[in-house]
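Architecture and fold: a report
The residues making up each chain are set out below.
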Amino acid sequence: RSNRQRQAWPMEAVLGQVEQLPALLAVSRSALVRDWDSLTLDRALEWARYFQHLYDRFRARPQLREALGRRLRRSQPCPLLGFPALGRCPQLLGLALLENRALPPAACRRLLRSLLQPPVAGPASDPRGLGLLARRKAAARLLALPRRAPGPEPQLQAEARLLLSRLRQEGQEAAGQLRWQCGAQEGQQAGEAAGQLRWLCGALELLPQPRAFGVVAAALALLKHGRGAEQAGDWDGDWSSSPGGYQESAAGEDCTAGLLLSWLLGNQERFSAFCLCIPCSHLAFLAGHYSQLCRPYLDLLTGWGGHLHYDPLQGRWVKSCLDKAELSWEELRERFICLYQGSTPLKEQTQAALELLRTQDGDFRVRGLSVWTDLLMEV
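Residues numbered from 1 in each chain as written. Predicted model: local features only at pLDDT ≥ 70, side-chain atom pairs only at ≥ 80, totals over all residues. Heavy atoms only, no water.

In the annotation of an unreviewed UniProt entry, the entry for the protein reads FANCF protein, and the organism field reads Setophaga kirtlandii.

Okay, structure coming up:
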């Protein structure tokens, strides 16, 4: 018993130190670093290497991994940083400091020397760390340049690729942890997906909603390009022509896409906001390639169309209730036209949905009596 008590005290101290990681990264991004000298920088880098050492030491011990992960999540408002962040701490800290213009020149030179000449070159050191920082820094500079060509925003593509990469990494971390805990493959897959979904929710909640929607839409498009979808419109062409496309196995792509769709469809208000935020041509592309999206999107359009009524004085369809009607007649018509211009199955499903709605509305064949009749005549 006394042995266990003696071991508990050092572990509690380690847990208390791990709680400081979010604060360390927050300070490295703030203006407080303007007061840092070389000695302060060395101490910060030493802490980062210490956290990496904890990762290497406890990665094969699932109970301690879980304890460290819980303490990290408890010390921050959103559970974005988990146990894997300990292993990336030198890179996270170095990247934050490199991009912080408040860092004094002397400290910055010290930082570059530390990155170029790591103090420890043991088996756990990552020789790609500096190269990764350099690539990210260069990419950030390039993506900040003014855009000259039309098409998807380059930074959005980069963020979507990073999201997919981190989702895959989180899945591998969760799978590794579960292999230590149990040998059941079904439980392993369920736990892996649950861990990925928790990380995804935390990551997307940190982004402004329009940006989060754009990243998710871009990620879904990239996954579909990885499977060789080549018969879409401009959205598909622009994305598939990007070098270094995101590639992984068909099963892995389906799992990742399922996670993104679960987050998107798990909340009706979120899905409605997503459909209002993403251009209708992009939505038509996604609905044509993901069957899980097509029916909810058509149901959403049906609800929006139900809030329109025909004004005989103006001779057009107008919003009957401004606080409920999300789309105007022109916007609703444009969305259905985009669906008709999609793949053959998507066009057929849209046609069938409109014809059913027209029948339920009285099967009128003249304008001004049913919004669905008028839409069928238009499209």
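Next, the rest of the story.
**Considering the pairing of strand β1 (residues 308-311)**
Note the threshold: Think of it this way: DSSP has to see at least two bridges between two strands before they count as a pair. Each helix corresponds to a stretch of at least 4 residues labelled H or I by DSSP, and each strand to a stretch of at least 2 residues labelled E; elements are numbered beginning at the N terminus.
As judged from the four bridges shared by β1 and strand β2 (residues 316-319), these two strands associate in the antiparallel manner. Of the residues in β2, the one forming a bridge with L308 is K319. Between the end of β1 and the start of β2, which pair antiparallel, lie four residues, with G315 showing a positive phi angle near 70 degrees.

**Overview of the environment of L207**
Going by this rule: Think of it in three bands: with a 1.4 Å probe and only protein chains considered, a residue is buried below 20% of the maximum accessible area for its type, exposed above 50%, and partly exposed in between. Whether two residues are in contact is decided by their heavy atoms, any of which lying within 4.5 Å being enough.
Note on placement: L207 falls in the loop between α10 (185-205) and α11 (209-226). Judged by its relative accessible area of 31%, L207 falls in the partly exposed class. The residues touching L207, leaving out its near neighbours within four places in the chain, are A212 and V215.

**Thoughts on the nonpolar core**
Which entries qualify depends on this criterion: Residues enter a nonpolar core if they are buried and are Ala, Val, Leu, Ile, Met, Phe, Trp, Tyr or Cys, with the set joined through side-chain atoms within 4.5 Å. Delimitation of the domains relies on an automatic or database domain assignment.
Counting 61 residues, the largest nonpolar core has L200, L260, F274, F336 and L339 as the members making the most contacts within it. The biggest single contributor to this core is α11, with eleven residues. Viewed by domain, this core spans two of them, domain 2 (154-173 + 192-225 + 252-278) and domain 3 (279-378), each represented by three or more residues. In this structure, L200 is in contact with L163, L167, L259, L260 and W263, ignoring residues within four places of it in sequence. Core analysis: the second largest hydrophobic core is formed by 32 residues, L24, V33, L45 and L93 among them.

**Description of the state of the cysteines**
Stated precisely, the cut-off is as follows: Sulfur atoms of two cysteines make up a disulfide when they are within 2.5 Å.
In this structure the tally under the stated criterion is zero disulfides. Distance from the sulfur of C280, which forms no disulfide, to the nearest cysteine sulfur (C338) is 3.4 Å. Residue C280 is classed as buried on the basis of its relative accessible area, which comes to 13%.

**Brief notes about the packing of aromatic side chains**
The test is simple: Whether two aromatic rings pair depends on their centres lying within 6.5 Å, for rings of Phe, Tyr and Trp, where Trp uses its six-membered ring; planes under 30 degrees apart make the pair stacked, over 60 edge-to-face, and the rest tilted. Placement of a positive charge over a ring is assigned whenever Lys NZ or Arg CZ falls within 6 Å of the ring centre and within 35 degrees of the normal to the ring plane.
Under the defined criterion, the tally for this structure stands at seven aromatic pairs. With a centroid separation of 5.4 Å and 70 degrees between ring planes, the pair formed by Y310 and W317 is classed as edge-to-face. You can call W317 buried: its relative accessible area is 7%. Of the aromatic side chains, those joined through ring pairs into one cluster are W47, Y50 and F51. When the ring centre of Y290 is taken as origin, the NZ or CZ atom of K224, which lies over that ring, is 4.6 Å away.

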